[in-house]
Structures are given as C-alpha cells and as structure tokens.
Amino acid sequence: MAYVIIGASGDLGRALAAELAAAGHRLVLVGHGKARLDEAADALEQAGHPRPSTVAADVTEGPGYLEDVRAAARRQGGIEGLLLPIGRSIRDDLATPAEEAAKLIAINLRAPMEAVDGLWKDLKSAPRPVIVGFGSITAIRGRGRNLAYGAAKRGLHSYFESLRVLGAIDGIACQFYVLGFLDTARMADQRTPLPKADLDALARRVVAGLDKGAVLRWYPWWWRPLAWAIRLVPGGLYARLAAPRSG
Ligand SMILES: NC(=O)c1ccc[n+]([C@@H]2O[C@H](COP(=O)([O-])OP(=O)(O)OC[C@H]3O[C@@H](n4cnc5c(N)ncnc54)[C@H](OP(=O)(O)O)[C@@H]3O)[C@@H](O)[C@H]2O)c1
C-alpha cells in the first residue's frame, strides 16, 4: 500500500516523503510542477528508496487528477494514508485580483476537501487509515494581510474538526497540525517575529504520530497558548497591533 502526499514537491512535502520512505512506506507524490516533482522523486531514489509514483496536476482545475492518483496507488496495493501539505500564500493578498484570491482558496481549502472526498472510500478499506491536514497560525485571528490564505486555512481547520467526527464513525484517523513559521526555502528571505521551526523535526513528528488516532497538534507546541492569548486581546487594540506596516 502507499501513502499519497498532495503537495509533495514543496518543502514540507519532501521532508514528509523522505521520512515515510525511510520508514519503508511506498508513495504516490502529487504536485503542480512536473520538474519539481521529478526532483523530489529523484532525491528519494538517490537515497536508496524505491522510486515513488508521481502525478503532476494543477488542483485549481478540479479533482480529475484523483483518478490518476487512485490508479497509481492501486498498482501498489491501495491507499494507506493521505497527507495534504499543499498550500500557497501571497503575503499581501488584499491587493490580489479576485481570480487570484479564488485560486488561493482553491489550493488551500477546496483541493484538500476534494481529495478527502474523492479518496475517502479508498481509505476506508485500508487497515489503519489516516488523513493529515496542515493549517497555519495565520488563521488564529484575521489581520491586515494574508486575507484569502488565512480565511482558507480557518475553513480547513473547521473542515478537519468535522472530519474528526466522521472519521470516528468510518474508522479513519483525521489529524490536523496548526503550523507556525517553518524554516523553509519559501520563508528564507522573510523576517519573522518568532523563530522558524525545524522542518525535518516536524516531518519526524508527523510520521511518528500517524498511528496516534485523531489528533490536533500545534507546531511548535507553544503556539497553542500563544493563540489563546492572541484571541483574548481586545478588538480595538488588536486592530492597531495587527495593522500592516508600510515598507
Ligand atoms: N512554510 C511555512 O512557514 C508554513 C507556515 C504555516 C503553514 N504552512 C503550511 O504548511 C504546508 C506546507 O508548506 P510548505 O512551506 O512546504 O509549502 P511549499 O513549499 O510552497 O509547497 C506547497 C506545495 O503545494 C503545491 N501546490 C501549490 N499550488 C498548487 C496547485 N495549483 N496545484 C497542485 N499543487 C500545488 C506545490 O507544488 P509546486 O512545488 O509544483 O509549486 C508544493 O508541492 C502548506 O499547507 C502551508 O500552507 C507553511
């Protein structure tokens, strides 16, 4: 059987793929750009693991690609689990044209929903099925930037709360990680108010937790109490603190 990773050519996706391959799991990697996806598959092969299947697709064009995913997984005995480290953000998306904002919603919310919906029945027949989603601390409380991204990630968090309920009925563990700033290529030139967290340590944690049932985790853990405190700040003060600064 194989784990399906949607967003497998990204920084977290590649770290998760490496960790799963090292644990002996077969993989189906899904990403947007074929070149980046092939690079991810090459890296696994060069590290001595079996070459994973790859499916290149633009998820904003709808869930048709899931047929290829299902076929690739079937050749490996079926789907063991589904990981969704897919995402895209534009820092100042208030100025983004509506069409681009709709794409952000499609990538960060609609595509994970379509993947879960499309693969749920396949997952149900796995021995210990698991679905893992990834949220963002951007969605703790709306602020003056990342509007569409934050809204999509808040929606995704709610969606996974519902999945947890349905998963308990169908025997599928639905896990959700709310992520703080990560030490990734995309974040390399961004100064962050708090330290960036180690990506490989996160991937190890996620893979080690796959058999832990339905979990909601914050990474790093201290974002959980911080999120609680951020929500307690009175609205007027919060609006002043969260307002984007020019420059
Ligand atoms: N990095 C952070 O600091 C941070 C913080 C909080 C939450 N997160 C969340 O953590 C997850 C992983 O983040 P990351 O830093 O690894 O992101 P990343 O490096 O940008 O990777 C994103 C992945 O999504 C894929 N993707 C984007 N648009 C797509 C489309 N239209 N069709 C198909 N695939 C598409 C990308 O494919 P291509 O490689 O081909 O573009 C890539 O595989 C995301 O959900 C992100 O929102 C990240």
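Chemist: Before we move on, could you go through the overall build of the protein and cite the residues and values that matter?
Modeler: A count of helical and extended segments in the protein gives eight helices and seven strands. Computed over its C-alpha atoms, the radius of gyration of the protein comes to 18 Å, within 12% of the 18 Å expected for a compact globule of 247 residues. For the protein, the spread of C-alpha atoms along the three principal axes comes to 55 × 40 × 35 Å. Of all 247 residues assigned to the protein, the portion counted as buried reaches 48%. The contacts of the protein with a sequence gap of at least 6 include a subset with a gap of at least 24, amounting to 70%. In the protein, 32 side chains carry a positive charge and 25 a negative one; their mean positions are 8 Å apart.

Chemist: Account for the site of the ligand, with residues named and values stated.
Modeler: As a structural note, the neighbourhood of the ligand is formed by 30 residues, with Ser9, Gly33, Arg36, Ile86 and Tyr149 the closest of them. Ser9 has a polar side-chain atom sitting 2.8 Å from an oxygen atom of the ligand. For the ligand, an oxygen atom lies 2.6 Å from a polar atom in the backbone of Gly33. Here the ligand, which alone exposes 900 Å², has 91% of that area covered by the protein. Contributing elements (two or more residues each) for the shell around the ligand: helix H1 (11-22), strand E5 (130-136) and helix H5 (147-170). For the shell around the ligand, the element with the most residues is E5, which contributes three residues. Across the shell around the ligand, the residue classes tally to 13 nonpolar, twelve polar and five charged.

Chemist: If you had to explain the side chain of Arg145 to someone new, which residues and values would you point to?
Modeler: Note on placement: Arg145 falls in the loop between E5 and H5. When its relative accessible area of 17% is taken as the criterion, Arg145 is described as buried.

Chemist: Which residues make up the sheet that holds E5, and what values do they have?
Modeler: Spatial strand order, E3-E2-E1-E4-E5-E6-E7: seven strands in an open sheet with parallel pairing. The sheet terminates laterally at strand E3 (53-56) and strand E7 (216-219), the two strands that pair on one side only. Ignoring strand direction, the axes of neighbouring strands in this sheet form an average angle of 15 degrees. Two strands pair when backbone bridges link them, and strand E1 (residues 2-6) and strand E2 (residues 26-31) are joined in this way by five bridges, in the parallel orientation. Across the sheet, residue Tyr3 finds its bridge partner in E2, namely Leu27. On the sheet, H1 packs against E1, E2, strand E4 (79-84), E5 and strand E6 (173-179) and is oriented at approximately 170 degrees with respect to E1. Helix-sheet contacts for helix H3 (residues 66-74) involve E1, E2, E3 and E4, and the interaxial angle to E2 is about 165 degrees.

Chemist: Help me get a handle on the packing of aromatic side chains, residues and values and all.
Modeler: What the rule picks out here adds up to five aromatic pairs. Measuring from centroid to centroid gives 6.0 Å for Tyr159 and Phe160, while their planes differ by 85 degrees, and the two rings are edge-to-face. One aromatic cluster is present, built from ring pairs that chain together Tyr159, Phe160 and Phe176. The aromatic ring of Tyr238 is capped on one face by Arg141, whose charged end is 4.0 Å from the ring centroid.

Chemist: An account of the layout of surface pockets is requested, with residue identities and associated values reported.
Modeler: There is about 190 Å³ of room inside the second largest pocket. Here the residues of the lining of the second largest pocket sort into seven nonpolar, one polar and three charged.

Chemist: Which residues make up the pairing of E2, and what are the values?
Modeler: Burial runs high along E2: five of the six residues are buried. Of the crossover connections in this fold, the one passing from E1 over H1 to the parallel E2 is right-handed. Crossover E2 to E3 through helix H2 (residues 34-46) is right-handed.

Chemist: Please set out empty space enclosed by the protein residue by residue, giving values where relevant.
Modeler: Within the structure shown, the criterion is met by one cavity of 30 Å³ or more. Empty space within the largest cavity amounts to approximately 50 Å³. Within the lining of the largest cavity, the residues separate by chemical class into four nonpolar, three polar and two charged.

Rules used in this analysis
- Residues numbered from 1 in each chain as written.
- Predicted model: local features only at pLDDT ≥ 70, side-chain atom pairs only at ≥ 80, totals over all residues.
- Heavy atoms only, no water.
- Helix = DSSP H or I, 4+ residues; strand = E, 2+ residues; numbered from the N terminus.
- Rg over C-alpha atoms; globule rule 2.2 N^0.38 Å.
- Buried < 20%, exposed > 50% of the residue type's maximum accessible area, 1.4 Å probe, protein only.
- Contact = heavy atoms within 4.5 Å.
- Lys, Arg positive; Asp, Glu negative; His and termini not counted.
- Charge placed at Lys NZ, Arg CZ, Asp CG, Glu CD.
- Near = heavy atom within 4 Å.
- Polar contact = N/O pair within 3.5 Å; in protein donor to acceptor, adjacent residues only side chain to side chain.
- Areas by Shrake-Rupley, 256 points an atom, 1.4 Å probe, with all protein chains shown as cover.
- Nonpolar A, V, L, I, M, F, W, Y, C, P; charged D, E, K, R; others polar.
- Pairing = 2+ DSSP bridges.
- Axes fitted to C-alpha atoms, helices over the stretch in contact; angles between N-to-C directions.
- Phe/Tyr/Trp six-rings, centres within 6.5 Å; stacked < 30°, edge-to-face > 60°.
- Lys NZ or Arg CZ within 6 Å of the ring centre and 35° of its normal.
- 1 Å grid on protein atoms, 1.4 Å probe; cavity = no way out; pocket = protein on both sides within 12 Å on 5 of 7 lines; lining within 4 Å.
- Points joined across faces, edges and corners; volume = space filled by probe spheres on them.
- Right-handed = clockwise from strand over helix to strand, strands pointing away.

Limitation: the analysis is restricted to geometry and does not speak to function.
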